[in-house]
There are 4 protein chains.
Amino acid sequence: MTLLADAPKSTVHSQPKSLEYKVADLNLAEWGRKELMLAEQEMPGLMACREEYGASKPLKGLKIVGSLHMTIQTGVLIETLEILGADVRWCSCNIFSTQDHAAAAIAVGRPEKGGTVSNPRGIPVFAWKGETLEEYWWCTERALDFGNGQGPDQIVDDGGDVTLLIHKGTEFEAAGKVPGADTTDNKEYKVILNLLAKTLKETPKRWTEVGKKVRGVSEETTTGVHRLYEMQKAGTLLFPAINVNDSCTKSKFDNLYGCRHSLIDGLNRATDVMISGKVAVVCGYGDVGKGCCQSLKGQGARVIVTEIDPICALQAAMEGYQVLPLEDTLSYADIYITTTGNYKIITADHMKAMKDKAIVANIGHFDNEVDMAGVEKLEEKGKVKRTNIKPQYDMYTFTETGKSVLILAEGRLMNLGCATGHPSFVMSASFTNQTIAQIELALNNEKYEKKVYVLPKKLDEKVARLHLDKLGVKLTKLTEEQAKYIGVPLDGPYKPDHYRY
Amino acid sequence: MTLLADAPKSTVHSQPKSLEYKVADLNLAEWGRKELMLAEQEMPGLMACREEYGASKPLKGLKIVGSLHMTIQTGVLIETLEILGADVRWCSCNIFSTQDHAAAAIAVGRPEKGGTVSNPRGIPVFAWKGETLEEYWWCTERALDFGNGQGPDQIVDDGGDVTLLIHKGTEFEAAGKVPGADTTDNKEYKVILNLLAKTLKETPKRWTEVGKKVRGVSEETTTGVHRLYEMQKAGTLLFPAINVNDSCTKSKFDNLYGCRHSLIDGLNRATDVMISGKVAVVCGYGDVGKGCCQSLKGQGARVIVTEIDPICALQAAMEGYQVLPLEDTLSYADIYITTTGNYKIITADHMKAMKDKAIVANIGHFDNEVDMAGVEKLEEKGKVKRTNIKPQYDMYTFTETGKSVLILAEGRLMNLGCATGHPSFVMSASFTNQTIAQIELALNNEKYEKKVYVLPKKLDEKVARLHLDKLGVKLTKLTEEQAKYIGVPLDGPYKPDHYRY
Amino acid sequence: MTLLADAPKSTVHSQPKSLEYKVADLNLAEWGRKELMLAEQEMPGLMACREEYGASKPLKGLKIVGSLHMTIQTGVLIETLEILGADVRWCSCNIFSTQDHAAAAIAVGRPEKGGTVSNPRGIPVFAWKGETLEEYWWCTERALDFGNGQGPDQIVDDGGDVTLLIHKGTEFEAAGKVPGADTTDNKEYKVILNLLAKTLKETPKRWTEVGKKVRGVSEETTTGVHRLYEMQKAGTLLFPAINVNDSCTKSKFDNLYGCRHSLIDGLNRATDVMISGKVAVVCGYGDVGKGCCQSLKGQGARVIVTEIDPICALQAAMEGYQVLPLEDTLSYADIYITTTGNYKIITADHMKAMKDKAIVANIGHFDNEVDMAGVEKLEEKGKVKRTNIKPQYDMYTFTETGKSVLILAEGRLMNLGCATGHPSFVMSASFTNQTIAQIELALNNEKYEKKVYVLPKKLDEKVARLHLDKLGVKLTKLTEEQAKYIGVPLDGPYKPDHYRY
Amino acid sequence: MTLLADAPKSTVHSQPKSLEYKVADLNLAEWGRKELMLAEQEMPGLMACREEYGASKPLKGLKIVGSLHMTIQTGVLIETLEILGADVRWCSCNIFSTQDHAAAAIAVGRPEKGGTVSNPRGIPVFAWKGETLEEYWWCTERALDFGNGQGPDQIVDDGGDVTLLIHKGTEFEAAGKVPGADTTDNKEYKVILNLLAKTLKETPKRWTEVGKKVRGVSEETTTGVHRLYEMQKAGTLLFPAINVNDSCTKSKFDNLYGCRHSLIDGLNRATDVMISGKVAVVCGYGDVGKGCCQSLKGQGARVIVTEIDPICALQAAMEGYQVLPLEDTLSYADIYITTTGNYKIITADHMKAMKDKAIVANIGHFDNEVDMAGVEKLEEKGKVKRTNIKPQYDMYTFTETGKSVLILAEGRLMNLGCATGHPSFVMSASFTNQTIAQIELALNNEKYEKKVYVLPKKLDEKVARLHLDKLGVKLTKLTEEQAKYIGVPLDGPYKPDHYRY
């Protein structure tokens, strides 16, 4: 049973010979391999895992599927999982975030496996930059098929799309039917419904079986984790989940420092606009928002924050940021960034009222933070005219006012769509958490119920520890009497669980 | 029964007529009252509590003792508790931190009570700047005596000294004897043992009775909270405790922003040394350390961090600070700040190896972060010569090398000893937490067991909310559909409990 | 007389029909035009010049040649000069800095002129990304030929290559011979000598005639200005020169804020390496160095500065940067940036001693700041192996040690080679200076001798003034009595000439 | 001839025995000496001058008067001048800026001179904190009298008051009469006129003689230098002047870094108000303003700038500060700082319109930046009520609105009035310039006409060089070929004269 023949049309090449995969251009593999080689230098946590577990291979015999931006950094994660013994399949979790040279190199495989462009021996990977929604979900389904529809043992998730598909599939299979695509206005959900309708017809219990087999998922986003806790609360969670997002070495690193790096990178590559002297509005002052504010301030922008949470709002004020509702800024701000994980933060009406050529970008989670659906509706009605400047950078002109806004990556994650996402070093921290979580699910599976868990603080500290040498950090060693005085173990963990860092 | 007659000799004036109190100089009351009036402007959270609860008086009939730096800001807290109905007595929790004009104004009382210097009608307060250890514990004992040795209903604690005295007293009363002062090397503990030996003799069950009466304590320091959790773990906690320190609006505000403010204030007032261009070493990168680093960096210092915790160390590195063990910095660093809450962070040996005229200060908790005991031992042996420059600022010269270090506030909290502590606004957040905790203990006492509790997140958010107007912050209002989309109540709390801000 | 037939072989397309030009691909013109339209929004100074002088056309009848990075921003300058009446020809001043879509759009011409890809009607432009040195100087010569070898009336120079060619040509024509290319080791000078030998043979007095005709040059780089002052001192300057570089609105804006923007942009696009937590060494703490340090610090790097000038070194220290000789950093620094305008700042020996995978880039002026010649010599001897990662990003591996360095843009300006150079807004300030200088040379030519001049401060203030609205800046108006009190004219200039801003 | 008997009444003690002087309390000398000893450590430039010139004594036989804030740092300068051979007399240049312990220690003298409180053997100094205007000018006159009205050979000036007195005196002596005090509204000018009327009567040619004798002045403030250039322009300058203010190591260090340090120090000591989260308005973005903005930003304030100069305004915007007219901020800003050197920047009307309890302070030059005269007029009319909070900190309440402003140091320099002024290290740079200028006037007097001169850049670099070791700065050494390549001497100066740093 394969859906491959039904692959939606695309311009990408596909050579499903010995290795099943679909990428944009295998010829990019050499470039990708060089970048992987450089990235390994920047990902000491993953390299340490290879060293520590490369011989014992704790993931041996496990089928692992990943749905996570198919970038160079993810490539180092994928090959780490492989070196630890896993049988891996991969898709991206975002239609724009794939780096095609990374995907190609992963398909061709690690040099020691001897794969070539004409005979790739790497990992089955289904991802290219600029997928349609149909292609995206096709890729997800393909990654989930370890042969005859057989599912994975473990899942590496980012945003929870794999988990979602399995849960929705199971739900509809239990109900014996999938709702019609006309029951929803949400474009993407229509695609999912169509896909599940098809699988229900072809293999009526496919997702139920897949769900039963899964031993656990590790999830790394705020949004994905939120979905998991909701399912736990509702009692519908089908397998254990490790919340990797709330490791300190994830949320306070990737979200904060990663976005500090990649926000301006995305802005620069897309717009080339000078940030210095501009008024920038950052919607949300969580970890992502904090990183974005620092990034913009570091470049000389005047930053205004919008917040719903009084604690975060007060934090923003104490750092010298003005805190205002979006509406108060529309006449004069130059740049808008959404970081909330919520939706309809910037609506079409907001954009219409903005200063001419205001820049709008989302680095939060889904493309509905900026209400692209609303803009598209206006486009359909002829009230908005879209002019593509270059890939992932469009000007939308309101015909009524003649003013335009400039939107990055069609409202999707701008750091992935317009730049190369988070840099290797910070992703090393996140992915070392993912790797450790996968090892934990592999070795201690019996300990986990159908609940959401965070990694023990000691493992969180371990992830940090593996990244210190690279930065030349030298730790101070606690003495025994000091450890006793403050009542912590000599080797950690050093902080109570509720500690906020 | 009163110990007043036994008050250790001191240069301070005492007029125990109608009002029982002991302060440095009642004539400072007018100045203190002006500063209280200005501070009220800066403490919107406390003023909002007065407005919200001033009529219903939820603390009516309750005896509340406070052991907390007797500053202007604390003055606003004390009078807020009084306005909410409480019968209050107060002492400081640090021998150097009292602002004498604040203590005087609190003793004279709020203008509407009509007290004067010759006829004070305020709050019984026992505190002056520069207490000896004997005086300090005498003050604590006095504050705890609401008449004939009767104890308080509730406690406001900072560092846990009141809680400690009651627990130790109860423990020794149960044992029927107090260990001799010669059983310990710790100077302060000797004083406590002497005091308890005296009370055991005079009133054998005093502390046991006091402990039974107490309905709860609210504690606001990392150190004090740590002690409470230890007692909870050991099963020896005598009454419920509310951990105010771990409210986000306390630990991430007072500790962080308060120290960012008061660190350089203390350095400037004590040393007048230019911070710009200097190498400053900050021991510890927790909330206090983070604030100190920002403070020094903002003034143009090059900051080096020491850390034992790999997560905090990595955070420091990601902000651009060099992270080294103390030993690696001794030959060239100019300024040393301890922020750890641990002890023996900077030893006499460290100081001996430092650059001539290195500045050493502690903003952590106790005066043993900088090993003053070790220095004093060397002084006794003639290996160190102390030269007082001005109050709270001493030069210690190592006779062997001829080099000196400059120590602030004798190793005690330099921001309180050399400056005026944290500014009103940030203390308003901390003290609003204290006030809300006291109200909670008053109104919902039955809900609490002999355990340590944190305030519910919604109250934490409330504290933040009360401080927004003053800073001109305008919150964004979540829409109902947005609240539903992210699954939070429209009015908060907006974040999961484990959220790190 | 044309050298066009002799154009060195290259892969670029050339359609010398009605319009003489040579660019990479005219089909990029549409994209270029869109970017020009967006850039105009960000270049208020140039747009104000169009408005103020568009009708009077002060440059009417003047032939102006420009040698300046052929980017989108320069495109807006070129078309401004055209709108002001000039007859313009253009080449780039750097082999890597041309943006091919900008060059194409300039060749096709402003929409109102009705040019198309098949019938371009814009400006003769000779520039493409990735010229060889032979191609570069061929382009320069072509831009200088306004028909039959006739030269320009005025010059817009960046780095002084047009000025150099005219002066060298004149010098050799006076001598009657050009030194053989074998008299120099300098690759580029060989190319110049060959070119001049050719023109001497074909048109013996060409450059002498060109030099006589030129009414003046405006030059915008530190290096170019330095050359001009040297010639003035030596008495060899052939025509007046306006030093645009030392307008405050140039050197303290373009050099400082431009590099603050483009340094990390270049680093990010080339390397994708996380800057946070890294040790970055910035060689030189002039305006460019200051901007680079801010940029790196804003991203969380630990920055070390190298300096020869004690004043700049002290400034760096006062901002909290460590100041060390390069040699002291080689074992641990991650990123090296040269900003000096001097040469041999980072030698091959330095690079060999660096940490593996250290990143080396130059944002100063010429490619000899990083001693590429030295590296190439080692490559020729097999002691260095070059691996191209992607365009403008190479790994050089020292065969002896196995360690590598990663060099951006082959040691040339990394912000132009790896990113898009300085953003429009700051270039608007620089180019408004250029435009005003060109107008000054046009209208008041008789005032200028064969010397180097700076623009009067009032014009400098005017340039600033034209950029305020865009940033929402509202100036305070001096009152008459205040103007009198401090003794300045009501409308400026407000500062003495020696003022340092 | 002495005016001493006519000394205006004051509460300060005066012992004009062997040594003529007038200070607040000689008993403070021991404390002052300790602080001088610590300051010497922080003033490497002055200590290097002592070492270099202590033997040759280039100032031998010269009478030098200084009018410069009588602080600890100035004490190190005074004693340096003495060690270099000068015969020194001193007064302060500001009624609030004297540190009484510094004045006392200077009067008692350097330990090696053996002076004591009962037998002071130091320098004749006339200065105490809190002089009246009459006392201030009395002190100035006294400092100028080296015996029988005989004047100095050289002047160290700060703000130009000594220079002013000599020039005004000479002018009126030439006219044969002094205008009546009723011809001016300016309080201070009245005092000067009265003083000069008195000297004219007693010694009709005193100031003419004094002016003739003076070999030169070195002046260190923007305001004082401005006055000198005005006199040079008007042809009325009586002696050569060295503009020390425009040494880079003065204006870009003292003004910038000094104020960055002392602004918050003054704010903290006076108000104890939290700066974080507040809106602060800085009037003027010159060197002083830039330092103030950094200072406030470093503490988490939101900073708004007011400017009249478009270049400085653009600089402010490019650093992320909002730039607005004062009027636009009155309803919401919390803190106002003037830094302009101009007058009537903040008027009584502005203050009336401010938010209740807004803080107003001046760190520019004279007390008319904040229009104190206007406020006092309202006070006289009963429209403003003044409440003194503590020394140098007053609340002015507008009776009409009930709102108050809090003014520091009565509108005079708040860093000197409320804190201890600039720290030693940065003053070392300024004062080393002063010392070098005095040596230059001593050794090369014949080179100087009655004009204003700046120090040669090489001496400016020397001043910087003397301060590097203290900060651990290691310079890079230019190679000979590099020096030749960029055309500068191997040992500097390294920059052209117009370079802006």
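Keep in mind it's a predicted model, so treat the numbers as computed, not measured. (Residues numbered from 1 in each chain as written. Chains lettered and ligands numbered in written order. Predicted model: local features only at pLDDT ≥ 70, side-chain atom pairs only at ≥ 80, totals over all residues. Heavy atoms only, no water.)

Novice: Outline the interface of chain B and chain A, listing residues and values.
Specialist: With 67 residues of chain B at the interface, the matching set in chain A holds 67 residues. Interface of chain B and chain A: buried area, both sides summed, is about 6300 Å²; carbon and sulfur atoms make up 59% of it. For the chain B face of the interface with chain A, the top three residues by lost area are B:Ile308, B:Ile311 and B:Arg500, together amounting to 13%. One salt bridge connects B:Arg260 with A:Glu319, and the closest N-O pair in it is separated by 3.0 Å. (Contact = heavy atoms within 4.5 Å. Buried area = accessible area lost by both parts, 1.4 Å probe. Salt bridge = Lys/Arg side-chain N within 4 Å of Asp/Glu carboxyl O.)

Novice: Describe in detail the side chain of A:Glu369, supporting the description with residues and values.
Specialist: Residue and element names in this part refer to chain A. As for its placement among the helices and strands, Glu369 is situated in the loop between strand E11 (358-362) and helix H14 (372-380). The side chain of Glu369 is buried and forms no salt bridge, while Arg227, the nearest opposite charge, is found at 12 Å. Of note is the side chain of Glu369, whose polar atom sits 2.6 Å from the backbone nitrogen of Gly341. Once residues lying within four places of it in the same chain are set aside, the contact partners of Glu369 are Thr338, Thr339, Thr340, Gly341, Asn342, Tyr343, Lys344, Ile345, Ile346, Asn362 and Gly364. (Helix = DSSP H or I, 4+ residues; strand = E, 2+ residues; numbered from the N terminus. Buried < 20%, exposed > 50% of the residue type's maximum accessible area, 1.4 Å probe, protein only. Lys, Arg positive; Asp, Glu negative; His and termini not counted. Polar contact = N/O pair within 3.5 Å; in protein donor to acceptor, adjacent residues only side chain to side chain.)

Novice: How would you summarise the relation of the copies chain B and chain A if you had to cite specific residues and measurements?
Specialist: Of the two same-sequence chains, chain B is brought onto chain A (RMSD 0.1 Å, axial shift 0.0 Å) by a rotation of 180°. In symmetry terms, the pair is related by a two-fold rotation axis. The rotation axis passes nearest to the C-alpha of B:Arg500 in chain B, at a distance of 2.2 Å. Of the residues that chain B buries at the interface, 100% are likewise interface residues in chain A, meaning the two copies contact each other through the same surface. (Least-squares fit on C-alpha atoms with pLDDT ≥ 70 in both.)

Novice: Before we move on, could you go through the interface of chain D and chain C and cite the residues and values that matter?
Specialist: Taken together, the contact pairs 67 residues of chain D with 67 residues of chain C. Summed over both partners, the interface of chain D with chain C comes to about 6200 Å²; 59% of that surface belongs to carbon and sulfur atoms. The three residues of chain D that bury the most area against chain C are D:Ile308, D:Ile311 and D:Arg500, which together make up 13% of that side's buried surface. The interface formed by chain D and chain C includes 8 salt bridges. Our count for the contact surface shared by chain D and chain C stands at 32 residue pairs in polar contact (both at pLDDT 80 or more). At the level of elements, helix H9 (222-234), helix H10 (248-271), helix H11 (287-298), helix H12 (310-318), helix H17 (457-465) and helix H18 (480-486) of chain D are the ones that each hand at least two residues to the side of chain D that touches chain C. Its residues assigned to classes, the side of chain D that touches chain C shows 31 nonpolar, 18 polar and 18 charged. (Nonpolar A, V, L, I, M, F, W, Y, C, P; charged D, E, K, R; others polar.)

Novice: Any details on helix H12 (residues 310-318) of chain B? Residues and values, ideally.
Specialist: Summarising burial for H12(B): 9 of the 9 residues are buried, a large majority. For H12(B), the complete set of buried residues consists of B:Pro310, B:Ile311, B:Cys312, B:Ala313, B:Leu314, B:Gln315, B:Ala316, B:Ala317 and B:Met318. Elements in contact with the buried residues of H12(B): helix H10 (248-271), helix H16 (424-443) and helix H17 (457-465) of chain A together with helix H11 (287-298), strand E8 (302-306) and strand E9 (322-323) of chain B. Its side-chain oxygen placed 2.8 Å from the backbone nitrogen of B:Ile311, B:Asp309 serves as the N-cap of H12(B). Following H12(B) by one or two positions, B:Gly320 has its phi on the positive side, about 95°.

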